[in-house]
Amino acid sequence: MRKPYPFIVLLIFASITGFAQLNRPKLVVGIVVDQMRPDYLTRFYDQFGQGGFKRLMAEGYTMWDVHYNYIPTYTGPGHASIYSGTTPRYHGITGNDIYYRERKKSEYCVNDTFNVVGNSVAETGKGLSPRRLIATNICDELKLCTSGKSTIISISLKDRAAILSGGHMADCVSWFDQKTGNFVTSSYYAGQLPAWLSTFNDRNLAFSYINEKWTPLYGSSYYSDCITDTTICAVTKTGEKVLPRFPHDLQLPLNSKEATYSLLYKSPLANSLLTDLAIEAIKNGNLGKGENPGFLAISYSSTDVVGHLYGPHSKEIKDTYLRLDQDLDRLITTLDQAIGKGNYVLFLTADHGIPEVPQYLASRKVPAGYLYHKPLIKLAADFLDGSYTAGKWVDTLINDQFYLNRKLISEKGLDLAAVQARLANYLMQQKGIAFAYTAAEMKEGEFTSKLAMAVQNGFQPKLSGDVMLVMEPGFFEYEEGYLVEHGSGYNYDTNVPLIWFGQNIKKGESWQLHYITDIAPTLSMILRIKYPSASIGNPIVEINGQK
Ligand SMILES: [Zn+2]
């Protein structure tokens, strides 16, 4: 052993070349389009330009049979599941709002007591956080793998979308404030906004956008397939009809009590504003620089609110997607220039879908309809009053789950499982309700049929209700101010597009069934990092185009 040095040099060299062979992308870009159904890709295909959706589909790998495998299919659980590779049962985000029995109170899924950062007005104690997300997500794992060196940026119009995508350790998580038009963050993440984001806010682009009107992007021939029936419209809390009628003003009427930028948020121009911000993040946010891969999560929310207000066959939703198509073109062009073609991987998916408008289905002889909150609660309460003695048996109905007054049940010496079962059996007899499952069943059994399994994947013993409802297809609980609402385990809510694009991604398309929980493990495969802690999915190996 007189000359140990060459051996050491060789080892170092081998480790360096081995690392290089990992061939990781410089940047991963995750795009979630809130409420996007796969049929939008085909229905609007002819009107898309060459550089947006069409380019992603032509050069990337499009998967048509990707589904959510839990109920409820809402934005909070959706983003948590995409990025953590698991379902509410394991990541803890069981709804946009979560009911806490001990406090008899529902709380927003990212609610916390930090401070809001980035607004001129001080908002103390209203800063949000991801602390209810109890599993790690892919961004967390990238941070852990690179000892914190990877840059993670997560942006959205919706706070919960940005927060639940970015994970627990992101460098910058920012969302749109409808009062000021600024993109803000929480002191959970940082005491101040990064310089590039402050500079962006200083440009006051939101104000420029509200001075435009939302008019259709193209001539009327582009929208000839849309439903323009003004009898089908959402009704706001104050009774005003939200008419599908262009052009839509983005400035509020005088004396309005709404936030200044709320109409902008309800239009696709807010998605364009988010694209402006994403472009700024790519150029100045330190992404894809140095040895460690960066991660940019973008969630487009205007698609969701437009879908709720006007329905999936409206001129408004089509125009929203044609505009998003142009935004994606701008975004991909920027990525090619700033990060380099073939140096990044992009995926695009959705956090849930949306059903057809029930009035429209009914007019076409398809069974569909709304169920209403107060009558549903009364139905359960009256039944329990009649079955036992009069009392306040029902605590609440939220996320299609009844929470019963367990204290009263115990005081009366009743068996909780028996009360749950009795109520579930009764509710299943009602029009619009297909099944009702009890918490006792969910804890004990192992369900395999699609909808029961979806309920179980969304069931978290500490947080979920006593009786979980599954409505009949086409039926859902009416949400005040909305024309249509998602949340079910049916295909219109569970089936979302998934497109992979970029470095080492094969060209093509697939109808192979995959669940949304496969996305995070696939990102682990691409980034060569470990799986998020509670991930239950499998990497989608078929996208791999590496020779
Ligand atoms: Zn929604």
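Quick notes on the rules
Throughout, a residue's number is its position along its own chain's written sequence, starting from 1. Given that this is a predicted model, residues contribute local features only at a pLDDT of at least 70 and side-chain atom pairs are listed and counted only at 80 or more, while totals for whole chains, interfaces and linings are drawn from all residues. Note on geometry: axes are lines fitted to C-alpha atoms, helical ones only across the stretch in contact, with angles between N-to-C directions running from 0 to 180 degrees. Here a strand is any run of E in DSSP of at least two residues, a helix any run of H or I of at least four, and the numbering for each starts at the N terminus. Any angle between 65 and 115 degrees counts as roughly perpendicular, while under 35 counts as roughly parallel, over 145 as roughly antiparallel, and the rest as oblique. Residues are treated as contacting if the C-beta atoms built from their backbones sit within 7 Å of each other. Any residue that is not Ala, Val, Leu, Ile, Met, Phe, Trp, Tyr, Cys, Pro, Asp, Glu, Lys or Arg is counted as polar, Gly included; the first ten are nonpolar and the last four charged. Pairing between strands is defined by DSSP: at least two bridges between them are needed. With the far helix as reference, a near helix turned anticlockwise by less than a right angle produces a left-handed crossing, and one turned clockwise produces a right-handed crossing. Residue ranges assigned to the domains are those given by an automatic or database domain assignment. An expected span of 1.5 Å times one less than the residue number is assigned to each helix. Any residue with 12 or fewer other C-beta atoms within 10 Å of its own C-beta is exposed, any with 20 or more is buried, and the rest are partly exposed; the C-beta atoms used are placed from the backbone. A residue's pLDDT is simply how confident the predictor is in it, with values from 0 to 100.

Caption draft 1: Focus on the packing of helix α11 (residues 269–284) against helix α13 (residues 315–340). At a minimum axis separation of 10 Å, α11 and α13 run at an interaxial angle of 5°. The angle between the axes of α11 and α13 places the two elements in the roughly parallel class. Residue-level inspection shows Asn271, Ser272, Thr275, Ala278, Ile279, Ile282 and Lys283 of α11 in contact with α13, the latter providing Arg323, Leu324, Asp327, Arg330, Leu331, Thr334, Leu335, Ala338 and Ile339. By residue class, the composition of the contact of α11 with α13 is 8 nonpolar, 4 polar and 4 charged.

Caption draft 2: Structural context of the sheet that holds strand β15 (residues 394–398). Reading across from one edge, β15-β16-β18-β17 is the order of the 4 strands in this open sheet, with antiparallel pairing throughout. Each having just a single partner strand, β15 and β17 (433–438) make up the two edges of the open sheet. Averaged over neighbouring strand pairs, the angle between their axes works out to 20° when direction is ignored. In the sheet, strand β16 (residues 401–404) pairs with strand β18 (residues 467–471) via 2 bridges, with the strands oriented antiparallel. Among the inter-strand pairings, phenylalanine 402 is bridged to a residue of β18, identified as valine 467. Contacts between helix α17 (residues 416–427) and the sheet are confined to β16, β17 and β18, with β17 contributing the most and set at about 175° to the helix.

Caption draft 3: The arrangement of the packing of helix α6 (residues 138–145) against helix α21 (residues 519–527) in detail. Contact geometry for α6 and α21: axes closest at 10 Å, N-to-C directions at 25°. Here α21 runs roughly parallel to α6, going by the angle between their axes. Between α6 and α21 the crossing geometry is right-handed. The segment α6 lies against α21, with Ile138, Glu141 and Leu142 engaging Ala520, Leu523, Ser524 and Leu527. Of the residues in the contact of α6 with α21, the class split is 5 nonpolar, 1 polar and 1 charged.

Caption draft 4: Structural context of the domain arrangement of the protein chain. For the protein chain, the assigned domains are domain 1 (6–359 + 491–544) and domain 2 (369–472). With centres defined by C-alpha atoms, the gap from domain 1 to domain 2 works out at 33 Å. If you look at the interface, domain 1 gives 17 residues, while domain 2 gives 17 residues. When residues of the side of domain 1 that touches domain 2 are traced back to their parent elements, those giving at least two are α5 (88–91) and β3 (97–100). Counting residues per element, the side of domain 1 that touches domain 2 draws most heavily on β3, which supplies 3 residues.

Caption draft 5: Looking closely at α13. Spanning 26 residues, α13 covers 36 Å between terminal C-alpha atoms, matching the ideal 38 Å at 1.5 Å per step. Positive phi shows up at glycine 342, right after α13, with a value of about 80°.

Caption draft 6: Structural view of the pairing of strand β5 (residues 114–117). Relative to strand β6 (residues 123–127), β5 runs antiparallel, the two being bridged by 2 bridges. By the bridge assignment, phenylalanine 114 is partnered in β6 with glycine 127. In terms of strand pairing, β5 meets strand β9 (residues 183–186) through 2 bridges, oriented antiparallel. Pairing of valine 117 across the sheet is with threonine 185, part of β9.

Caption draft 7: Focus on unusual backbone geometry. At the junction of isoleucine 71 and proline 72, the peptide bond is cis and its omega measures out at 10° in the coordinates. Within the element layout of this structure, proline 72 appears in the loop between β2 (61–67) and α4 (75–84). With an omega of -5°, the peptide bond running from phenylalanine 246 to proline 247 counts as cis. The phi dihedral of asparagine 286 falls on the positive side, at around 65°, and the residue is not glycine. By secondary structure assignment, the location of asparagine 286 is in the loop between α11 and β12 (294–300). On the basis of neighbour count, asparagine 286 is assigned to the partly exposed category, with 14 C-beta atoms found within 10 Å.

Caption draft 8: Expanded view of helix α7 (residues 159–166). The buried count for α7 comes to 8 of 8 residues, which makes it a mostly enclosed element. Summarising the contacts, the buried residues of α7 are in contact with β1 (27–33), α4, α6, β7 (152–156), β8 (172–176) and β12. Downstream of α7 by a residue or two, glycine 167 has a phi angle that is positive, lying close to 75°.

Caption draft 9: Here's a closer look at the environment of arginine 528. When you line up the elements, arginine 528 lands in the segment after α21. Through-space distance from the C-alpha of arginine 528 to that of leucine 142 is 9.3 Å; in sequence the pair is 386 residues apart. Once residues lying within four places of it in the same chain are set aside, the contact partners of arginine 528 are Leu22 and Arg24.

Caption draft 10: Just the confidence of the model for the protein chain, in detail. A residue-level look at the protein chain finds 96% of positions with pLDDT of 70 or above and a mean pLDDT of 94. Contacts for the low-pLDDT stretch residues 6–20, under 50 throughout, to residues beyond four places or in other chains number 0 contacts.

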